[in-house]
Amino acid sequence: MKRVAIQPGADLDGFRAALRRLIAADVPPQDVVWDAAPSLFEETASAAAPPVALPRRVADIIRLVVCHSDPERYALLYQLVWRIRHGEKTLPAIASDPLIHRLHGMEKSVRRDLHKMHAYVRFRRVETPDGDHFVAWFEPDHFILEATAQFFIDRFISMRWSILTPVGSLHLDRDRLVVGPPAQRSDAPQSDGFEEGWRTYYESTFNPARLNPTVMRSHMAKKYWKNLPEAQSIPDLIRSAPSRVRQMIEQESAMPRKRDPQKAVAAMADQAPKSLAALNKLILAAQPMVQGGTRAVLGEGPHHPDIAFVGEQPGDQEDLAGKPFVGPAGQLLDKAMAEAGIDRKQAYVTNAVKHFKFEPRGKRRIHAKPTAGEVKHYRWWLEKELDLVKPKLVVALGATAALALAGKPLAVAANRGSLILDGRPGFITIHPSFLLRMPDEDKARAWKEFVADMKAIRRLSREYEKAA
Ligand code: URA
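In short, a report on the structure. Position labels on residues start from 1 in each chain and follow its written sequence. In keeping with the model being predicted, local features are shown solely for residues with a pLDDT of at least 70 and side-chain atom pairs are shown and tallied solely at 80 or more, while totals for entire chains, interfaces and linings include all residues. The basis for the side-chain values is all heavy atoms of the structure; hydrogens and waters are excluded.

Quick word on the overall build of the chain
Right, so step 1: For helices the rule is a DSSP run of H or I covering at least 4 residues; for strands it is a run of E covering at least 2, with both sets numbered from the N terminus onward. Across its full length, the chain carries 18 helices and 14 strands.
Right, so step 2: The buried label goes to any residue with under 20% of its type's maximum accessible area, the exposed label to any with over 50%, and the partly exposed label to all in between, with areas taken from a 1.4 Å probe on protein chains only. Counting only residues that meet the buried cut, the chain has 44% of its 468 residues in that class.
Right, so step 3: By definition in these notes, contact holds between two residues if any of their heavy atoms fall within 4.5 Å. Considering only contacts within the chain whose residues lie at least 6 apart along the sequence, 72% involve residues at least 24 apart.
Right, so step 4: Counting only carbon and sulfur atoms, one obtains 54% of the accessible surface of the chain, whose full area is about 25,600 Å². Each accessible area value is a Shrake-Rupley result obtained with a 1.4 Å probe; residue values ignore everything except the protein chains displayed when judging cover.

Printed below as a string of structure tokens:
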């Protein structure tokens, strides 16, 4: 049995030196006893033992895990190194291995402790004959004092400060860092003149409407509260939150209303309609989110169709008729469907945006493209609509429909064909109005391709029908 002496706390250097000796002597982990105090049987450091080359990820695990308070930490780390050096090169990536699982948990716990220390150390000013001295008290869960030193040095290099903890202390005096003995809470000052101002600032920025005491406690465990001047205000702030929220609501209702698309979407989420009729009622009653638009144009067609075609938005004629795809683009769509053997009456036809967005020019209303934000607003309706209609295949006619169905921009040329659109079996093709705008010499070819897409859509929908 080899006894290895290691210093109490996080002895990274001691572990590295021991590692070299043990690996050089080929000592298996089960033959090593790690002593967290210098022992009579201590192996003397052998300067001749060569360095042990380790992957960077392993070096990172070691650096953090030596800080953990678990007395088995060195034994576990040595097992890790031993197994990697004995053929298990990919071991650190095998999260299901019990050793890796345990080390990951330890690493995470140390990281959390470091984060808490960075966030919750509060210095209090003490006047001394040599000038101001800033002193903080903190109770870490692990031996992180030295690992965290650089963080505080970087931030408070020009100050004279001490961080006192039950497992040791750090002192910075004119750029010199000294690691000192453990301290007691009573060694640190309890308050200073700065705190009143800090508490007032905290109280004024505290938002009672966002109060969630459970989350607050999980982020800021109660054990840290006693170090934080602002924490003294928390019980009062929690107690007075409901009345402050009521006050905010009263103030808000007296203020002029401004339309906020995000709030509108959130409000709609609460109303989730349970039938297509209920959804349509909601759409018809809603204010257009685009400029122009006299009425909402609803989707049309049977429930559970093989195919749902989704266009961009109703045009001038659709807006007047209150029906989708009845103008020039709709006539081309009908023709292409007929050539491919798709019966429009059996398909569902709708739009990504439910209102006609236009700019008036004289007596004419000129189509204006909806913005991505507008498409996003209408997307909630489209998703509910398709959830209720339940088509086997959704077809995006053009880029706006593709954006609405996928929830992200998809170029038509690069994505034309069948694909999954946000979890739904889908197909992207051109918008029929694209054919109307084309130079004559390209029209015949583009038409052929469009009809070929329609035929592919019909075939695909049949396959989904069989699979259903
Ligand atoms: N273009 C569309 O995208 N939808 C219609 O309903 C009409 C034209």
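What follows continues from the structure just given.
Some remarks on the site of the ligand
Right, so step 1: As a matter of local geometry, the ligand sits amid Gly-311, Glu-312, Gln-313, Pro-314, Gly-315, Glu-318, Pro-324, Phe-325, Asn-351 and His-431.
Right, so step 2: The term polar contact refers here to a pair of N or O atoms within 3.5 Å; inside protein, the definition further demands a hydrogen-donor-capable atom paired with an acceptor-capable atom, and it admits residues adjacent in sequence only when both atoms are side-chain atoms. In the environment of the ligand, an oxygen atom lies 2.9 Å from a nitrogen or oxygen atom belonging to the backbone of Phe-325.
Right, so step 3: Between the ligand and His-431 there is a distance of 2.7 Å, counted from an oxygen atom to a side-chain nitrogen or oxygen.
Right, so step 4: If the ligand stood free it would expose 240 Å²; the protein chains cover 92% of that surface.
Right, so step 5: For this scheme, ten residues count as nonpolar: Ala, Val, Leu, Ile, Met, Phe, Trp, Tyr, Cys and Pro. Four count as charged, namely Asp, Glu, Lys and Arg, and the remainder, Gly too, count as polar. Along the lines of polarity and charge, the residues of the shell around the ligand split into 3 nonpolar, 5 polar and 2 charged. Here a residue is considered near a molecule or strand provided that any single heavy atom belonging to it is located within 4 Å of it.

Examining the packing of helix H2 (residues 56–65) against helix H4 (residues 98–120)
Right, so step 1: As a rule, the C-alpha atoms of each element are fitted with a line to give its axis, helices using only the stretch in contact, and angles between N-to-C directions run from 0 to 180 degrees. Axis separation between H2 and H4 bottoms out at 9 Å; the angle between their running directions is 60°. Taken together, the axis directions place H2 and H4 in an arrangement best described as oblique. Handedness of the crossing formed by H2 with H4: left-handed. Across from Arg-57, Asp-60, Ile-61, Leu-64 and Val-65 in H2, the residues of H4 making contact are Leu-103, His-104, Met-106, Glu-107, Val-110, Arg-111 and Leu-114.
Right, so step 2: Residues of the contact of H2 with H4, tallied by class, amount to 7 nonpolar, 1 polar and 4 charged. Each angle gets one of four labels, with under 35 degrees taken as roughly parallel, over 145 as roughly antiparallel, 65 to 115 as roughly perpendicular, and the rest as oblique. Each helix crossing is assigned a hand: it is left-handed if the near helix lies turned anticlockwise from the far helix by less than a right angle, otherwise right-handed if that turn is clockwise.

Examining the pattern of salt bridges
Right, so step 1: The rule for a salt bridge is simple: a side-chain nitrogen of Lys or Arg has to be within 4 Å of a carboxyl oxygen of Asp or Glu. In this structure the tally under the stated criterion is 27 salt bridges.
Right, so step 2: A salt bridge links Arg-83 to Asp-97; its shortest N-O distance comes to 2.7 Å. You can see Arg-83 sitting in helix H3 (residues 73–85) and its partner Asp-97 sitting in the loop between H3 and H4, a full 14 residues away along the chain.
Right, so step 3: Taking relative accessible area as the criterion, Arg-83 reaches 22% and is therefore assigned partly exposed.
Right, so step 4: Residue Arg-445 pairs with Glu-449 through a salt bridge whose shortest N-O separation is 3.4 Å. One end of the pair is Arg-445 and the other is Glu-449, both in helix H18 (residues 440–467) and 4 residues apart, which spans about a single turn.
Right, so step 5: The partly exposed category is assigned to Arg-445, whose relative accessible area is 46%.
Right, so step 6: Judged by its relative accessible area of 33%, Glu-449 falls in the partly exposed class.

So, helix H15 (residues 399–406)
Right, so step 1: Taken across its 8 residues, H15 has 7 buried, putting it largely inside the fold.
Right, so step 2: Here H15 has its buried residues at Thr-400, Ala-401, Ala-402, Leu-403, Ala-404, Leu-405 and Ala-406.
Right, so step 3: Contacts from the buried residues of H15 go to strand E8 (307–311), helix H14 (372–389), strand E12 (393–397), strand E13 (417–421) and strand E14 (424–429).
Right, so step 4: Phi turns positive one or two residues past the end of H15, at Gly-407, with a value near 80°.

Topic: the side chain of Arg-73
Right, so step 1: Along the chain, Arg-73 falls in helix H3.
Right, so step 2: Of the side chains with opposite charge, Asp-70 lies nearest to the buried Arg-73, which makes no salt bridge, at 6.2 Å.
Right, so step 3: Looking at Arg-73, its side chain comes within polar contact range of the main-chain oxygen of Val-66, at 3.0 Å.
Right, so step 4: Ignoring anything within four residues of it in the chain, the contact list for Arg-73 reads Gly-9, Val-65, Val-66, His-68, Met-106 and Phe-143. All tallies of charge rest on Lys and Arg as positive and Asp and Glu as negative; His and the ends of each chain are not included.

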